[in-house]
Every structure is written in C-alpha cells, then in structure tokens.
Amino acid sequence: MKVDVLLGLQWGDEGKGKIVDVFTPKYDIIARFQGGPNAGHTLEFDGIKHVLHTIPSGIFHEDTINIIGNGVVMDPIIFEREINELKTLNVDVSNKLVISRKAHLILPTHRVLDAASEAAKGKNKIGSTLKGIGPTYMDKTGRNGLRVGDLELADFQQRYDALVAKHVEMLKQFDFEYDFKEEEEKWMASLSTLRELNFIDSEHYISEAMKAGKTILAEGAQGSLLDIDFGSYPFVTSSNTVCAGACTGLGVAPNKIGKVYGIFKAYCTRVGSGPFPTELHDQFGEDLRKAGHEFGATTGRPRRCGWLDLPALKYSIMLNGVTDLIMTKADVLSAFGELKVCTSYQYKGEKVEHFPYNIDEENISANFKSLPGWDKDLTELSDIAELPHELNDYIEYLEGELEVPITVVSVGPDRTQTLMRGLKINA
Ligand code: GDP
Ligand code: IMO
Ligand code: MG
C-alpha cells in the first residue's frame, strides 16, 4: 500500500481536521508529518466541537493508530493539555497514539525567543502564533535541538540545560524582558504524560505497516502558501507544508506516495501578516468573516478574508501533485449574490497567470471573473445531486481551470455535512 496525503492548498484552516476525521474510517493509520501546536484542526460530530493542535485528527476513531511523525515539533505542555481534554471526552489515547523519537521538542525558551523575535520585528512581524515553532525548527536545522527520543537518555537534563543556556545567550541580543521559570516547571512536569506513550521510529513503523497492507493517511498542517520554501516568504511557517514534507516528515520514499488530497475553501482566508492579493477590505470581507466564523482555532485572531485565488491554487496543485480536490465551506457563500474568482494578476504592470516571486501589495493586484452565486441553504443537503445548479456550474468551472476533479464538497462543519462527488478511497 502507498501513503495518501491530505494537505491544505491555501494559507491554512481549509478544514483539514474535519476531512481527515471523515476519511479516518477508511484508513488504519493517520500520521501528522510537520508543524506543531501552531495548527488548530477542528472536528465536529455528535454535538461535540473539538480542536486538536499536535494530535492527529484520526484520534476519535476506535481502531485507528495515530502517529506524530519526526517532522513535527511538539510542546509537552500543550500536548498534555490535549490529552487531558480528550480524557474528558472519554478518549483513551494510550493504545492508539505513538510518537516518533525524532520529533523535536519545543522548550519554554523557544517560545520566549519567538516572542522576542516578533517584538523586535515591529510592524514587519510575521504574525506568528508564538508557539515557538520558528526557533524550534531553527535549532533542528542548526543541529542543536532536543528530540523526543532524548527523553530516554540518561543525560537528558544536561542536554536541556545546555540548550537553555544557549537560548539565554541568544536572548541578550533582544531588548526583551522574560521569565520562564514557572513555564519551565510546568514543562518538566508535563514530560511524564509524554513518557507514558510509545515512542517509535516512524520510518520503520510506516514501512512495516505498508508491507502488512495497512492503509495510511498523512495529515498536513498549515497550507502550501505558508511553506518555508514556496510560500509567501518571509510570511510563512518554518516547515515544508507541501507533499514532499510528508516524505521527510515521516520517512516515506517519494515513490510510496499514493493519492494527494488537496483541500481548499471556496474562498480564501489568511491569519497573521503577509501579502494576500484577493483580500477584501470592505463590508463584503466582514460579512464573509461573520458568515464563515473566521476566527483562528489556535489564537482566536480574526482571519482576513478574500475571494478564491486560482493562480495561487494552480501553484499549490502543481507543487503537491494533487490528485483529488476537496472544497470546503461552500455553504458560507450561499446568499452572497454574485461571486468573484481571481483568474490572473497584474504584476508590475503586466498580466500574469502564475504565482510570482514577490506578491507584495505594491507589485500585484488581482483580476477577477464574476460568477453567479446561489441562494440556497446547503447545510441540510445529504446528496450531491441536490446542489443548486449555480454551485454545480461553479464547481465545473473550477475543475476546468484547475484540471483536477473536485471529489468532495463540504457544506458545514459537522462530519455528516460532507458530500461525496465520485470519491474512491482505497478502491
Ligand atoms: P484546519 O486547520 O484546516 O483543520 O481548519 P480549522 O479547523 O482551523 O478551520 C476550519 C473551520 O471551518 C473550523 O471551524 C471548521 O469546523 C469549519 N469548517 C470545516 N468545513 C466546513 C464547511 O464545509 N462549512 C462550514 N461552514 N464550516 C466548516
Ligand atoms: P492549521 O494547521 C493558519 C500562520 C501564522 C503566521 C505564520 C507563521 O490550523 O491550518 P508560526 O506560528 O508557524 O511561526 O506562524 O503562519 N499559521 C497558520 N495559519 N493555520 C495554521 O495552521 C497556521 N499555522 C501557522 O498565523 O502568519
Ligand atoms: Mg486551523
């Protein structure tokens, strides 16, 4: 069997958590491959609304193994909180959640460094979630990081102390007051929860699972436009969010990747700073935020809203080798009247149809095409055949442009509000 991948094609929050949860009954294993608690993946079912940060979105299903892969960075404090929240919902993770020894640990001082770095950037700040993501990946690539497997070593405390001493030195360059002692105590205490779980070598684990015929779905975090290499740099996150990240973040060979599910909202959102060519700065943008409840699942910040951006989507599809598209939040566009879709950009005075190097506001503006909207509540629909014809036309227009079939249409946050459009999983 090959590993299928589900990932976001925009700036994150496309609905990955919801769709992974919907697909989980078709898979034996769900595996997160990058990012960390900067992610907020929302699941809704049976009247429960739950947000996951580090734990894969397959955790609510009885017979599924969930893997936190080597490409992930984890904060033991947040992880413990997630485990405790799951306990209140009677979800016991002990026999279905495993963690790669090679996943890196976020220390309290990584979070301080994140905050100090953002404060020093002033109005040029990235808009980081302040979870310590950037500094932790910097330590990983700088070959200084602490890994989950280090918890099994006799000299773990010395390694921790050495890294913290390095961070304290680094913090001297910032004019930033901090005190991490209380957080450090919490961090040390929370390690006991982590130690209760099984640590694995995810590359071997997944290889054996594939040989045994197990089905595996890799769950992305963030979105392709936040990728460290291909996103709107420097306003990006610090990991490879594209499909290749699933290979490095789990230890899967590129020729073992199967389907690539690319998920996108029927419009566009972005949280944090950075360019956003189709952003709506008017009442329409406000209305979209309200209708879509567009507030960050991790930080609660309002998400910036705009129209769907086809050149950006085509770029993401190209980078990821998307085989199936999943469109979410079609229901939010109901009753908006005329809809717009960006088909090209004016870039430094010229019309371009690709996603260029520099999408800063002063260089770029969006060219739009108008499409008729639909005035029908989609949230109660149970069959794809019931879609209003304007939405069918919208979907067919997008498929023509994107050259990939849209095989799932999501019409609400709940598990049940998911319409299949010819999707075949493991068939
Ligand atoms: P993720 O980070 O990609 O998992 O997405 P988030 O959970 O951060 O944000 C998606 C939000 O939209 C969550 O509040 C979901 O419950 C919600 N959502 C997902 N799909 C749909 C949909 O089709 N319609 C509506 N109205 N909400 C949705
Ligand atoms: P999910 O998985 C949306 C954004 C932040 C900021 C930038 C860098 O829920 O889709 P970081 O904390 O990584 O240093 O922040 O990336 N960002 C996200 N935006 N969804 C996410 O995750 C995000 N994770 C990070 O807002 O602009
Ligand atoms: Mg999210």
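Rules used throughout
Residues numbered from 1 in each chain as written. Chains lettered and ligands numbered in written order. Predicted model: local features only at pLDDT ≥ 70, side-chain atom pairs only at ≥ 80, totals over all residues. Heavy atoms only, no water. Near = heavy atom within 4 Å. Polar contact = N/O pair within 3.5 Å; in protein donor to acceptor, adjacent residues only side chain to side chain. Areas by Shrake-Rupley, 256 points an atom, 1.4 Å probe, with all protein chains shown as cover. 1 Å grid on protein atoms, 1.4 Å probe; cavity = no way out; pocket = protein on both sides within 12 Å on 5 of 7 lines; lining within 4 Å. Sits in = over half its atoms within 2 Å of the grid points. Helix = DSSP H or I, 4+ residues; strand = E, 2+ residues; numbered from the N terminus. Nonpolar A, V, L, I, M, F, W, Y, C, P; charged D, E, K, R; others polar. Pairing = 2+ DSSP bridges. Axes fitted to C-alpha atoms, helices over the stretch in contact; angles between N-to-C directions. Points joined across faces, edges and corners; volume = space filled by probe spheres on them. Parallel < 35°, antiparallel > 145°, perpendicular 65-115°, else oblique. Left-handed = near helix turned anticlockwise from the far one by under 90°. Contact = heavy atoms within 4.5 Å. Donors = N, O, S within 2.8 Å, 3.2 Å for Na, K, Ca; no water. Buried < 20%, exposed > 50% of the residue type's maximum accessible area, 1.4 Å probe, protein only. Arc of directions from axis to C-beta.

Moving on: the site of ligand 1. The local shell around ligand 1 holds 20 residues, among which Gly15, Lys16, Thr42, Asp331 and Ser410 are the closest. Contact distances for ligand 1 include 2.9 Å between an oxygen atom and a backbone N or O atom of Gly17. Between ligand 1 and the protein, one listed contact pairs an oxygen atom with a backbone N or O atom of Gly412 at 3.1 Å. In the complex, 93% of the free accessible area of ligand 1, which totals 580 Å², lies under the protein chains. The site holding ligand 1 turns out to be the second largest pocket. Looking at the shell around ligand 1, the elements with two or more residues in it are helix H1 (16-23) and strand S3 (41-45). Its residues assigned to classes, the shell around ligand 1 comprises four nonpolar, eight polar and eight charged.

With that settled, the discussion passes to the sheet that holds strand S11 (residues 257-265). Read across the open sheet, the 10 strands follow the order S9-S7-S5-S2-S10-S1-S11-S15-S19-S20; overall the sheet is mixed. The sheet is open, and its two edges are formed by strand S9 (198-200) and strand S20 (418-420), each paired on a single side. Sheet twist, expressed as the mean angle between neighbouring strand axes with direction ignored, is 25°.

We now examine the layout of surface pockets. If you add up the space inside the second largest pocket, you get close to 630 Å³. Lining the second largest pocket are 29 residues, and of these Thr42, Gly292, Arg303, Lys329 and Pro413 sit closest to its centre. Sorting the residues of the lining of the second largest pocket by element identifies H1, S3 and strand S4 (48-52) as the ones contributing at least two each. The class makeup of the residues in the lining of the second largest pocket is six nonpolar, 13 polar and 10 charged.

This next bit is on the packing of helix H3 (residues 108-121) against helix H5 (residues 156-171). Contact geometry for H3 and H5: axes closest at 10 Å, N-to-C directions at 15°. Judged on the interaxial angle alone, H5 and H3 are roughly parallel. The two elements H3 and H5 meet at a crossing, and its hand is left-handed. Contacts between H3 and H5 involve Pro108, Thr109, His110, Val112, Leu113 and Ala116 from the first element and Tyr160, Leu163, Val164, His167, Met170 and Leu171 from the second. Split by residue class, the contact of H3 with H5 holds nine nonpolar, three polar and no charged.

Ideal coordination angles are 109.5 degrees for a metal with four donors arranged tetrahedrally and 90 or 180 degrees for a metal with six donors arranged octahedrally. Looking at the metal site, the magnesium ion (ligand 3) is ligated by Asp13 (OD) and Gly40 (O), spaced 2.1 to 2.2 Å from it. Here Asp13 is found in the loop between strand S1 (3-8) and H1, whereas its partner Gly40 is found in the loop between strand S2 (29-32) and S3, with 27 residues between them in sequence. With relative accessibility at 22%, the residue Asp13 sits in the partly exposed group.

So, on to the packing of helix H2 (residues 76-88) against helix H6 (residues 181-195). At a closest axis distance of 8 Å, the pairing of H2 and H6 adopts a crossing angle of 55°. Compared by their axis directions, H2 and H6 come out oblique. Crossing geometry of H2 relative to H6 is assigned as left-handed. Where H2 abuts H6, its residues Pro76, Ile77, Phe79, Glu80 and Ile83 lie against Glu183, Lys186, Trp187, Ala189, Ser190, Leu191, Thr193 and Leu194. Here the residues of the contact of H2 with H6 sort into eight nonpolar, two polar and three charged.

Quick look at helix H9 (residues 283-291) now. By the burial criterion, the buried members of H9 are Gly285, Leu288 and Arg289. Each buried residue of H9 sits inside an arc of 100° when the element is viewed along its axis, so together they form one side. Buried residues along H9 sit in contact with strand S13 (304-306). Positive backbone phi, at 50°, marks His293, one or two positions downstream of H9.

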